[in-house]
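Geometric and topological summary
What follows is each chain in one-letter form.
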Amino acid sequence: MENKAYYHLPGLFEFYEFYKVFLPLFNEKREYFYDWCDIGSIYGAPADILWGGGRIELNDTDMGQVFRLMNYNKISARLALSNSLIRKEHLNEEKANKLCRIFHHGSVKNGIIIHSDLLLDYLREKYPDYYFVSSTTKVLTDFNDLKKELDREEFSFVVPDFRLNKEFDSLSKLSKEEKNKIEFLCNECCSFECANRKACYESVSKKILGEESSDWVCVSRNAAEGYKFSKAMENKAFISVADIKDKYMPMGFSNFKIEGRSLGSAILLEFIIYYMTKPEYALKLREEMYLDSMLDLS
């Protein structure tokens, strides 16, 4: 793992049509991509799952198609089931359980991104073949809290809050096993000074459970601009390609999460081009994916 970076990409369900085109290219045109990186997983969730927080609704056939695409390409699928407010009466939700049954076995081990300990205990007992990822929605901004999370044997990976990304003095002191469990969120656009991140996530959880009708309004600086990759690059916690190659990998870190489930497939492609694609092949990848001489943006 010290010799390769593994990217965890967004949109398992949300960008299914994108990955149907991209994954064959990734397999067949490996010369386009850096040899020091690979896809560690693709994560996401359908919208109509109480345990999660996806963006689109899918029927059973669609869920099966997503599973088959990941299974064929031998890529770990991660179900983003990170609702923080799950109660006991939610555990028997049929569609959520059906989703877990579909992805429980595959050509590679699949995972679940999770926040609720109640749901974690339920899933570990009922679907023991998954591995589990501690969700960034826990907003672990204190390094001692991160250490405690890393000590939990239930989790194969832990995603700390992005504001711990550059705490190199503390990060360097972690053991090899702890470093292997950390998964850094690279491209967060949220303000570094935001004090409402946990409340924002809880608002999403409430809305999914039908307990809140109004949309959360972020009051952080520049929030009205929405997501811009250029703005994310200016964030103090942004992790660049150079950072990964020259800082994190030599320190023994291998796992890097790219956010973007709520964005569009065009920006997802730009993330992939920036983080994974050799510069001389960027245009070729765009041409293979969507760009042709008759495309008109007007």
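The present account deals with the structure reproduced in this document. All values derive from a computational prediction rather than experimental measurement.

**Observations concerning the pairing of strand E1 (residues 5-10)**
- For E1, a buried count of five out of six residues is recorded, marking the element as mostly surrounded by other parts of the structure.
- Bridge analysis of E1 against strand E2 (residues 37-44) gives six bridges, and the strand direction is parallel. Pairing of Tyr-7 across the sheet is with Ile-39, part of E2.
- A crossover links E1 with its parallel partner E2, the connecting element being helix H1 (residues 16-28), and its sense is right-handed.

**Some details on the packing of aromatic side chains**
- This model, assessed by the stated rule, comprises 29 aromatic pairs.
- Note on Tyr-131 and Phe-157: the rings are 5.8 Å apart at their centroids and 65 degrees apart in plane angle, and the pair reads as edge-to-face. Of this pair, Tyr-131 sits in strand E5 (residues 131-134) while Phe-157 sits in strand E6 (residues 157-158), and the two are 26 residues apart along the sequence. Like Phe-157, Tyr-131 is buried.
- Between Tyr-248 and Phe-256, the aromatic rings sit 5.9 Å apart at their centres with planes inclined by 85 degrees, giving edge-to-face as the arrangement.
- The class for Phe-256 is buried, based on a relative accessible area of 0%.
- Seen from the ring of Phe-168, Lys-247 lies directly overhead, with NZ or CZ sitting 4.8 Å from the centre.

**Details of empty space enclosed by the protein**
- Applying the stated criterion across every chain, the model contains one cavity of 30 Å³ or more.
- In this structure, the largest cavity occupies an estimated 30 Å³ of space.
- Every residue lining the largest cavity is listed: Phe-67, Met-70, Asn-71, Ile-75, Gly-106, Ser-107, Val-108 and Asn-110.

**A look at unusual backbone geometry**
- The phi angle at Lys-74 is positive, at roughly 55 degrees, despite the residue not being glycine.
- Mapping Lys-74 onto the fold places it in the loop between helix H2 (60-72) and strand E3 (77-81).
- Of note in this structure, Val-139 is not a glycine but carries a positive phi near 55 degrees.
- By the element assignment, Val-139 lies in the loop between E5 and helix H5 (143-150).

So, how was this worked out
The numbers attached to residues start from 1 for each chain and follow its sequence in the written order. Under the rules for a predicted model, residues below a pLDDT of 70 receive no local features and side-chain atom pairs below 80 are neither given nor counted, while totals for whole chains, interfaces and linings still include all residues. Neither water nor hydrogens contribute to the side-chain values; these are computed over all heavy atoms in the structure. Throughout this description, buried means an accessible area under 20% of the type-specific maximum (1.4 Å probe, protein chains only), exposed means over 50%, and partly exposed covers the range between. Helix and strand assignments follow DSSP, with helices taken as H or I runs no shorter than four residues and strands as E runs no shorter than two, numbered in order from the N terminus. Each pair of strands is called paired provided DSSP finds at least two bridges between the two strands. By definition, the crossover connecting two strands over a helix is right-handed if that path, from the first strand to the second, turns clockwise as seen with the strands pointing away from the viewer. Any two rings among Phe, Tyr and Trp, with Trp reduced to its six-membered ring, count as a pair given centres within 6.5 Å; such a pair is stacked if its planes are under 30 degrees apart, edge-to-face if over 60, and tilted if neither. Counted as over-ring charges are cases with an Arg CZ or a Lys NZ within 6 Å of the ring centre that also lie within 35 degrees of the ring normal. Buriedness of a pocket was judged along seven lines, with at least five required to meet protein on both sides within 12 Å; pockets are open sets of points on a 1 Å grid over the protein atoms alone, cavities are sets where a 1.4 Å probe fits but cannot get out, and lining residues have an atom within 4 Å of a point. Grid points are joined across faces, edges and corners, and a volume is the space filled by probe spheres set on the points.

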